[in-house]
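Here are the chains, one letter per residue:
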Amino acid sequence: MLEQLLSMVKELGQDQVVNNPEVPNEYNETVMATASESLLGTMQQAIAGGQGEELLKMFNSQDDGELMANPLAQQVQSGFMDNITSKLGINSKTAAGLAAAFIPMIINNMVKRTNSTAQEDSGFNLQGLIGGLIGGGQKQAGGMDIGSLIGQFTGGGQQSGGLDIGSLIGQFTGGGNTNQQAGGQDMIGNLIKGFFNK
């Protein structure tokens, strides 16, 4: 799931980054990797820090306005802008423009494809995404009980906006993986570096 997400970022980045004359060519891969790090890192921190409800709300957003009003989406956008400005020296106007166009496009596509029932999007699913972010199936993520969180979010129901709650709970309770948060962060960092430095 994470590699499919990175492929999507690279695909969307062709127009927004590679074909953008404001982004020096030598920074193309780094800008796309930074967008991926900001997105995955924010979601990983949300899971570890007890913001799982905000994460689920993001995936249940009804329109683009609601989606980008989500605090996590805003955090991804601002983190990306800060990083490409401070680390790459891209001017603030270009960084702001990239953050305003590229990040909403990535998040919107991720949410739509994760919620899609189309065959070509079958590899995108919330269970796989969250499992990848925490390093596999695990009941506890940073002290957060996933089953309890989902129950609170959905009022105890089994379905929430097409989200398969039973499968999501199974992802966390069936794997027994005890990888620590730091290990998960290293894994994602290495995955992103490997993907964009092919």
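Refer to the structure presented above.
Please read these numbers as outputs of a predicted model, since none were measured by experiment.

Definitions and cut-offs
- Here the residue numbering is sequential within each chain, running from 1 through the sequence in written order.
- This being a predicted model, a pLDDT of at least 70 is required before a residue's local features are given, and a value of 80 or more before pairs of side-chain atoms are given or counted; all residues contribute to the totals for chains, interfaces and linings.
- Computation of side-chain values: all heavy atoms of the structure, hydrogens and water removed.
- In DSSP terms, a helix is any run of H or I states spanning at least four residues, a strand is any run of E spanning at least two, and both are numbered starting from the N terminus.
- For every residue, the accessible area obtained with a 1.4 Å probe (protein chains only) is divided by the maximum for its type, and the residue is called buried under 20%, exposed over 50%, and partly exposed between those limits.
- Areas reported here follow the Shrake-Rupley algorithm with a probe of radius 1.4 Å; residue values treat only the protein chains shown as occluding.
- Buried Ala, Val, Leu, Ile, Met, Phe, Trp, Tyr and Cys residues that are joined via side-chain atoms within 4.5 Å together make up what is termed a nonpolar core.
- Here, residues are in contact when the closest pair of their heavy atoms is within 4.5 Å.
- In protein, a polar contact requires one atom able to donate a hydrogen and another able to accept it; more generally it is a pair of N or O atoms within 3.5 Å, and residues adjacent in sequence count only if both atoms are side-chain atoms.
- The working definition used for a salt bridge is a side-chain nitrogen of Lys or Arg within 4 Å of a carboxyl oxygen of Asp or Glu.

**Student:** Just to check I follow, could you spell out the overall build of the chain for this structure?
**Tutor:** When its secondary structure is counted, the chain shows 10 helices and four strands. For the chain, the sequential pattern of α-helices and β-strands runs α-α-α-α-α-α-α-β-β-α-β-β-α-α. When each of the 198 residues of the chain is scored for burial, the buried share is 46%. Of the roughly 9,100 Å² of accessible surface on the chain, 47% is carried by carbon and sulfur atoms.

**Student:** Is there a simple way to explain the nonpolar core in this structure?
**Tutor:** The tendency in soluble globular proteins is for nonpolar side chains to be buried side by side. Judged by nonpolar contacts, the single largest core of 50 residues is most densely connected at Leu-40, Met-43, Met-58, Phe-102, Ile-107, Met-110 and Leu-129. Of all elements in the fold, only helix H1 (2–18), helix H2 (28–48), helix H3 (52–59), helix H4 (64–69), helix H5 (71–86), helix H6 (92–115), helix H7 (126–134) and helix H10 (181–196) reach the threshold of two or more residues within this core. Ignoring anything within four residues of it in the chain, the contact list for Met-58 reads Met-43, Leu-67, Asn-70, Leu-72, Ala-73, Ile-107, Met-110 and Val-111.

**Student:** Looking at this structure, how should I read the side chain of Ser-36?
**Tutor:** When you line up the elements, Ser-36 lands in helix H2. A residue is classified by how much of its surface remains accessible, and Ser-36, at 1% relative accessible area, is buried. Of the polar contacts made by the side chain of Ser-36, one reaches the backbone oxygen of Met-32; its length is 3.0 Å.

**Student:** Would you mind going over the pattern of salt bridges with me for this structure?
**Tutor:** In a structure, side chains of opposite charge can pair up when their charged atoms sit close to one another. Using the criterion set out here, one finds two salt bridges in the structure. Between Lys-10 and Glu-29 there is a salt bridge whose closest N-O contact spans 3.7 Å. Within this pair, whereas Lys-10 is found in helix H1, its partner Glu-29 is found in helix H2, the two being separated by 19 residues in sequence. Judged by relative accessible area, Lys-10 falls into the partly exposed class, the value being 25%. According to the relative accessible area criterion, Glu-29 is partly exposed, its value standing at 30%.

In short, geometric facts, not functional conclusions.
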